[in-house]
Amino acid sequence: MEISVLPDADAVAREAAVFIAGEARSAVADRGRFTMAVSGGRTPWQMLRLLAHEKVPWKGVHVVQVDERVAPEGHPDRNLTHLRERLVEEAPLRPEQIYAMPVDERDLESAVGRYALTLREIAGSPPVLDLVHLGLGADGHTASLVPGDPVLDVTDADVALTGVYQGRQRITLTYPTLNRSRTVLWLVTGSDKAGMFVRLRDGDLSIPAGRVRRDHALVFADRAAAERS
């Protein structure tokens, strides 16, 4: 795991945008497309805003969601709302190049299966994503892989439905999908993450984030998050 400590969250967002743009250019040059999975959060939204102004081969970019809350379309709790604001309104990315998790459907189990099929259609079977962006929760969760949820033990599916966490059920990519990706990019900011940042750095398997593969992983952290390291 490669770790880069930067002055603040804005610097983290800037470095991440530059890194993703470079990965996108390389992937499109080598394979004709770049498939990226994005998580939510304040720093990631800033990252995407900056990415919109980087040199990116947008026609070859395909964006999927790491996770999504079960909430109505357009709701501020939805990661999709912010994804569309940053990448469709601010970057030349067509709406059909963002693949939304179908959390507004009645049959969520069937929706999970359909999203898994979508991943296979755009990233192969089994799907191999070029880059997965992840955040780190103060409780050690990442994606919607939260402590104590049975989804942590899913090994035979690429996408799964979680229990209720912070008031909402979610759809999430599973460990097999995350660990199959070519690159894992962590953004960790804020002093409330300092304790978990150390455990992530040390590969603590007792926290959900610690079970994500460490080879081909890059961490951009701000000084507040890295204060104990």
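As the structure is a computational prediction, the values presented were derived from the model and not from experiment.

Novice: Looking at this structure, I do not really get a nonpolar patch on the surface. What am I missing?
Specialist: A cluster of nonpolar side chains, namely M1, I3 and V5, defines an oily patch on the protein surface of about 210 Å² accessible area. In this fold, M1 is placed in the segment before β1 (2-6).

Novice: Any chance you could explain the pairing of strand β2 (residues 34-38) here in plain terms?
Specialist: The two faces of a sheet get side chains in turn, since along a regular strand they alternate between them. Counting buried positions along β2 yields five of five residues, so the element is predominantly enclosed. Burial of the side chains of β2 extends over both faces: F34, M36 and V38 are buried on one face and T35 and A37 on the other. Looking at chain direction, β2 and strand β3 (residues 61-65) are connected through five bridges and run parallel. Its bridge partner being in β3, F34 is matched across the sheet by V61. Each parallel crossover has a hand, and the one from β2 via helix α2 (residues 42-51) to β3 is right-handed.

Novice: Even after reading the chapter, I still don't get the pairing of strand β6 (residues 131-135), so can you show me in this structure?
Specialist: Of all five residues making up β6, four are buried, and the element is well covered by its neighbours. With two bridges joining them, β2 and β6 adopt parallel strand pairing. In the strand pairing of β6, M36 is matched with L131. Sheet topology places β6 next to strand β9 (residues 183-188); five bridges connect them, and they run parallel. When the bridges of β9 are listed, L131 appears paired with T183.

Novice: Looking at this structure, I do not really get the sheet that holds strand β8 (residues 168-173). What am I missing?
Specialist: Two modes of strand pairing occur in sheets, parallel and antiparallel, and in both the strands are linked by backbone hydrogen bonds. Spatial ordering of the open sheet is given by β4-β8-β7, a layout of three strands whose pairing is antiparallel. Unpaired on one side and paired on the other, β4 (67-69) and β7 (159-165) mark the two borders of the sheet. On average, adjacent strands in this sheet sit at an angle of 20 degrees to one another, irrespective of strand direction. Bridge count between β4 and β8: three bridges; the pairing is antiparallel. If you follow E68 over to β8, its bridge partner there is I171.

Novice: How do you make sense of the nonpolar core when you look at a structure like this?
Specialist: It is characteristic of soluble globular proteins that their nonpolar side chains tend to be buried jointly. Membership of the largest hydrophobic core comes to 41 residues, with the highest contact counts inside it found for V64, L134, V159, L173, W186 and V188. For this core, the elements supplying multiple residues, two or more each, are α4 (108-123), β6, β7, β8, α5 (175-180), β9, α6 (194-201) and β10 (217-222). Non-local contacts of V188, meaning those with residues more than four positions away in its chain, are made with L136, K193, F197, L200, V219, F220, A221, D222 and A225. L48, W58, V63 and L131 belong to the second-largest nonpolar core, a separate cluster that totals 33 residues.

Novice: Looking at this structure, how should I read the environment of L145?
Specialist: Tracing the sequence through the fold places L145 in the loop between β6 and β7. Residues L145 and W45, 100 residues apart in the sequence, show an inter-C-alpha distance of 20 Å. For L145, the residues in contact, after removing those within four places along its chain, are V151, L152, T172, L173, Y175, L178 and P208.

Novice: Even after reading the chapter, I still don't get the pattern of salt bridges, so can you show me in this structure?
Specialist: If the charged atoms of two oppositely charged side chains come close together, the side chains can form a pair. Enumeration according to the criterion identifies 13 salt bridges in this entry. For the salt bridge of D77 with R168, the shortest nitrogen-to-oxygen distance reads 2.8 Å. Separated by 91 residues along the polypeptide, D77 in the loop between β4 and α3 (79-87) and R168 in strand β8 bring together distant segments of the chain. With a closest N to O distance of 2.8 Å, R182 and D130 form a salt bridge. Placement of R182 in the loop between α5 and β9 and of D130 in the loop between α4 and β6 is noted, with a sequence separation of 52 residues between them. Residue classification places R182 among the partly exposed residues on the basis of a relative accessible area of 36%. Its relative accessible area of 5% is what places D130 among the buried residues. Salt bridges sharing common partners tie together R31, D130 and R182.

Criteria and thresholds
Residues numbered from 1 in each chain as written. Predicted model: local features only at pLDDT ≥ 70, side-chain atom pairs only at ≥ 80, totals over all residues. Heavy atoms only, no water. Patch = residues over 30% accessible without salt bridge, like charges linked within 9 Å, V, L, I, M, F, W, Y side chains within 5 Å. Areas by Shrake-Rupley, 256 points an atom, 1.4 Å probe, with all protein chains shown as cover. Salt bridge = Lys/Arg side-chain N within 4 Å of Asp/Glu carboxyl O. Helix = DSSP H or I, 4+ residues; strand = E, 2+ residues; numbered from the N terminus. Buried < 20%, exposed > 50% of the residue type's maximum accessible area, 1.4 Å probe, protein only. Pairing = 2+ DSSP bridges. Right-handed = clockwise from strand over helix to strand, strands pointing away. Axes fitted to C-alpha atoms, helices over the stretch in contact; angles between N-to-C directions. Core = buried A, V, L, I, M, F, W, Y, C linked by side-chain atoms within 4.5 Å. Contact = heavy atoms within 4.5 Å.

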